Amino acid sequence: MQQVNLGMIGGGTVGSGVFHAWQKNGGLMAARLGVKIQFRKIAVKAFDEPRPYPIARNLMTTDWQEVINDPQIHIVIELVGGTGIAKTMVLAALAQRKTVVTANKALLSTHGPELFAAAAKSGANLYFEASVCGGIPIIKSLREGFVANQFPAIYGIVNGTCNYILSRMKAEGADFADVLADAQKLGYAETPPDLDIDGHDAQHKIGILASLAHGFWADHHQIHTEGIRDVSKIDMEFAAKLGYTIKLLGIAKQSKAQSPKSKAGVQVSVYPTLIPNTHVLASVNGVFNACFVRGDIVGDTLFYGRGAGKDATASAVLSDVADAALDLKNGGKIRVAPFVACAKGGRIAPMDEIVSRYYLRLSVVDKPGVLSKIAAIFAAAKIGISSVIQPEGHEGESVPLILMIHDAPNAAMRKALAKIAKLPAVKNKPVMIRVENFE
Ligand code: NDP
Ligand code: HSE
């Protein structure tokens, strides 16, 4: 049986998970693929760091260049993370014509086109299934299973850490900081975890999915991104009373031209979103991720599974290793290119152009005439209010006022909110959360 040799750089949460999964099921993979897969070297920063699973000491080195420069290594797995040394490692491996497998969505999001160009130049492939949604084979599904489709909409709960935090805050009333600490202990969070909670990790992931779905590389600077720091228990409670759950959603949705002067584009964004409890995504909890993919031919589909953690992510890394091994078995012919720029004139629509529904919580002085002033500002902006709730039982200088707002462009909503925030009767910054009805 032909043998393919692996080198891995990084033996932390995911790296040790990959080694453990290979020890467990490497023989099964060989039987299925007709190729023996063998680990040859694993580079880490320090030998004695604690690891979730042990790695055979005789395979370890602290010099990553040994992995790249070993002529017997065919496939290099990069599991270091970040956009600094990891980029040097990936480019060095490709320059040696070695196929690279990475889980590094930050690196792809920031330097994707450069890395794909380097791969094309070298003739080696670059695989990245584990970069989005942990163990869910979403990249393979978009590129291969759904190759005959256009994608009117993709909605994803793509960050395990945020979903874990929001789920536990909702279910247990747990404190944000405590739950984040747990997510870090469980190996879900990035270093630093701000990447997760400020929405950047989800931005990297939805950018990768949008790029594959729409055939132009989504520049991450253009992806409107909000994290979950400002999601409060009080908004979770009001949302629940209205029949919604708050999730951090990555959205890649075709958007129509809003006027004869504007152009069509793709909404690519990340923000906390009110989801109707009746929608399947509302019941995705804990570290689980889900991707709701609407194809123009296939219709609505749903992918669900663990979005982070050593074992789920290892499963995705090894699926890339299997594809890379099959390429090598077939004489190095690349069956599926990492990214194909097939769209001309593709464009990310600016957030101001996007039409959404909104949940709005204001803290207002409880006196006559306040609501009419707010309603007048919305009316002048041609924004419709669909319902108003002033929950009873609140006392003090200000009371909550909840408004559900009909479809309106983000620009109009932003301007109206700026005016409302300046009303003397409105205390504190208004809280606005967009609402998605998946139409
Ligand atoms: P860890 O921090 O757990 O592991 C990083 C590894 O890289 C460690 O083994 C570290 O060595 C090694 N390393 C760092 N610098 C060097 C260097 N200069 N030379 C050699 N080795 C080095 O990170 P994760 O395993 O959590 O994440 C790895 C990648 O996978 C990241 O890109 C992340 O975004 C991605 N990812 C993570 C998921 C998760 O659930 N954790 C899920 C999906 C993707 P040492 O052990 O000695 O410190
Ligand atoms: N920090 C990431 C998450 C890891 O929580 O989703 C998986 O990509």
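Note that the coordinates shown come from a computational prediction; the quantities given were computed from them, not determined experimentally.

**Overview of the overall build of the protein chain**
Here's step 1: A count of helical and extended segments in the protein chain gives 13 helices and 16 strands.
Here's step 2: In terms of overall dimensions, the protein chain is globule-like: its C-alpha atoms have a radius of gyration of 24 Å, near the 22 Å expected for 439 residues.
Here's step 3: Taking the principal axes of the C-alpha coordinates as reference, the protein chain spans close to 80 × 50 × 35 Å.
Here's step 4: For the protein chain, the residues scored as buried account for 55% of the 439 residues in total.
Here's step 5: Across the protein chain, the fraction of contacts at a sequence separation of at least 24, relative to all contacts at a separation of at least 6, is 74%.
Here's step 6: With the model as given, the accessible surface of the protein chain reaches about 19000 Å², and the carbon-plus-sulfur share is 53%.

**Considerations on the site of ligand 2**
Here's step 1: Of all residues adjacent to ligand 2, which total 13 residues, the nearest are Lys105, Gly160, Thr161, Tyr188 and Lys205.
Here's step 2: Asn159 places a side-chain nitrogen or oxygen 3.5 Å from an oxygen atom of ligand 2.
Here's step 3: At a separation of 2.8 Å, a nitrogen atom of ligand 2 approaches a polar side-chain atom of Glu190.
Here's step 4: Computed on the free molecule, ligand 2 has an accessible area of 260 Å², of which 94% lies beneath the protein chains in the complex.
Here's step 5: Broken down by secondary-structure element, the contributors of at least two residues to the shell around ligand 2 are α6 (160–172) and α9 (200–214).
Here's step 6: Classifying every residue of the shell around ligand 2 gives 4 nonpolar, 4 polar and 5 charged.

**A short note on the site of ligand 1**
Here's step 1: In the region of ligand 1, 26 residues are neighbours, and Gly11, Ala46, Arg51, Glu190 and Gly309 sit closest.
Here's step 2: The separation between an oxygen atom of ligand 1 and a polar main-chain atom of Gly11 is 2.8 Å.
Here's step 3: A distance of 2.6 Å is found between an oxygen atom of ligand 1 and a side-chain nitrogen or oxygen belonging to Arg51.
Here's step 4: Bound to the protein, ligand 1 loses 83% of the 900 Å² it would expose on its own.
Here's step 5: By residue class, the composition of the shell around ligand 1 is 12 nonpolar, 9 polar and 5 charged.

**Some words on helix α7 (residues 176–185)**
Here's step 1: All of the buried residues along α7 are Phe176, Val179, Leu180 and Ala183. Along the axis of α7, the buried residues cluster in a sector spanning 105 degrees; they form a single face. The exposed set on the far side of α7, more than 90 degrees from its buried face, consists of Asp178 and Lys185.
Here's step 2: Tucked into the core, α7 has its buried residues touching α6 and α8 (194–197).

**Looking at the packing of aromatic side chains**
Here's step 1: Considering all chains together, one arrives at 14 aromatic pairs under this definition.
Here's step 2: Ring geometry for Phe19 against Trp22: centres 5.5 Å apart, planes inclined by 35 degrees, an arrangement best described as tilted. Here Phe19 and its partner Trp22 are both found in helix α1 (residues 13–33), 3 residues apart, which amounts to about one turn of the helix. The two residues Phe19 and Trp22 agree in class, both being buried.
Here's step 3: Relative to Phe438, the ring of Tyr155 lies with its centre 4.7 Å away and its plane at 70 degrees, an arrangement referred to as edge-to-face. Pair noted here: Tyr155 is in strand β7 (residues 153–157) and Phe438 is in the segment after β16 (426–435), with a separation of 283 residues, a long-range link.
Here's step 4: Looking at Phe438, the relative accessible area reads 5%, which means it is buried.
Here's step 5: Joined through ring pairs, the aromatic side chains of Phe116, Phe128, Trp217 and Phe339 make up one cluster.
Here's step 6: We note Arg57 situated over the ring of Phe47; from NZ or CZ to the ring centre the distance is 4.2 Å.
Here's step 7: Over the ring of Tyr271 we find Arg434, and its NZ or CZ is 4.4 Å from the ring centre.

**Focus: the packing of helix α3 (residues 85–95) against helix α4 (residues 105–122)**
Here's step 1: Relative to each other, α3 and α4 sit at 15 degrees, their axes nearing to 9 Å. Between α3 and α4, the angle is such that the two are roughly parallel. Along this stretch, α3 crosses α4, giving a crossing that reads as right-handed. Across the interface between the two elements, Ala86, Lys87, Val90, Leu91 and Leu94 from α3 touch Leu107, His111, Glu114, Leu115, Ala118, Ala119 and Ser122 from α4.
Here's step 2: Counted by class, the contact of α3 with α4 contains 8 nonpolar, 2 polar and 2 charged residues.

**Observations regarding a nonpolar patch on the surface**
Here's step 1: A surface patch of nonpolar side chains, amounting to about 270 Å² of accessible area, comprises Val280, Leu302 and Tyr304.
Here's step 2: For Leu302, the position within the fold is in strand β12 (residues 299–306).
Here's step 3: For Leu302, a relative accessible area of 38% puts it in the partly exposed group.

**So, the packing of α1 against helix α11 (residues 310–329)**
Here's step 1: Orientation of α1 relative to α11, taken along the N-to-C sense of each, is 45 degrees, at an axis distance of 8 Å. Comparing their axes, α11 and α1 come out oblique. Here α1 and α11 pass one another in a crossing that is right-handed. Here α1 contributes Thr13, Val14, Gly17, Val18, His20, Ala21, Trp22, Met29 and Leu33 to the contact with α11, which in turn contributes Lys310, Asp311, Thr313, Ala314, Val317, Leu318, Ala322, Leu326 and Lys329.

**Re the domain arrangement of the protein chain**
Here's step 1: For the protein chain, the assigned domains are domain 1 (2–136 + 310–329), domain 2 (142–306) and domain 3 (354–435).
Here's step 2: Taken together, the contacts link 18 residues of domain 1 with 20 residues of domain 2.
Here's step 3: Carbon and sulfur atoms make up 70% of the area that domain 1 and domain 2 hide from each other, which totals about 1500 Å².
Here's step 4: Where domain 1 packs against domain 2, one counts 2 salt bridges.
Here's step 5: Among the ionic pairs, Lys105 bridges to Glu190, the shortest N-O distance being 3.0 Å.
Here's step 6: One can count 3 residue pairs in polar contact (both at pLDDT 80 or more) joining domain 1 with domain 2.
Here's step 7: The element that contributes the greatest number of residues to the side of domain 1 that touches domain 2 is α4, accounting for 8 residues.
Here's step 8: Of the residues assigned to the side of domain 1 that touches domain 2, the class counts are 10 nonpolar, 7 polar and 1 charged.

Thresholds, definitions, all that
- Residues numbered from 1 in each chain as written.
- Chains lettered and ligands numbered in written order.
- Predicted model: local features only at pLDDT ≥ 70, side-chain atom pairs only at ≥ 80, totals over all residues.
- Heavy atoms only, no water.
- Helix = DSSP H or I, 4+ residues; strand = E, 2+ residues; numbered from the N terminus.
- Rg over C-alpha atoms; globule rule 2.2 N^0.38 Å.
- Buried < 20%, exposed > 50% of the residue type's maximum accessible area, 1.4 Å probe, protein only.
- Contact = heavy atoms within 4.5 Å.
- Areas by Shrake-Rupley, 256 points an atom, 1.4 Å probe, with all protein chains shown as cover.
- Near = heavy atom within 4 Å.
- Polar contact = N/O pair within 3.5 Å; in protein donor to acceptor, adjacent residues only side chain to side chain.
- Nonpolar A, V, L, I, M, F, W, Y, C, P; charged D, E, K, R; others polar.
- Arc of directions from axis to C-beta.
- Phe/Tyr/Trp six-rings, centres within 6.5 Å; stacked < 30°, edge-to-face > 60°.
- Lys NZ or Arg CZ within 6 Å of the ring centre and 35° of its normal.
- Axes fitted to C-alpha atoms, helices over the stretch in contact; angles between N-to-C directions.
- Parallel < 35°, antiparallel > 145°, perpendicular 65-115°, else oblique.
- Left-handed = near helix turned anticlockwise from the far one by under 90°.
- Patch = residues over 30% accessible without salt bridge, like charges linked within 9 Å, V, L, I, M, F, W, Y side chains within 5 Å.
- Salt bridge = Lys/Arg side-chain N within 4 Å of Asp/Glu carboxyl O.
- Domains from an automatic or database assignment.
- Buried area = accessible area lost by both parts, 1.4 Å probe.

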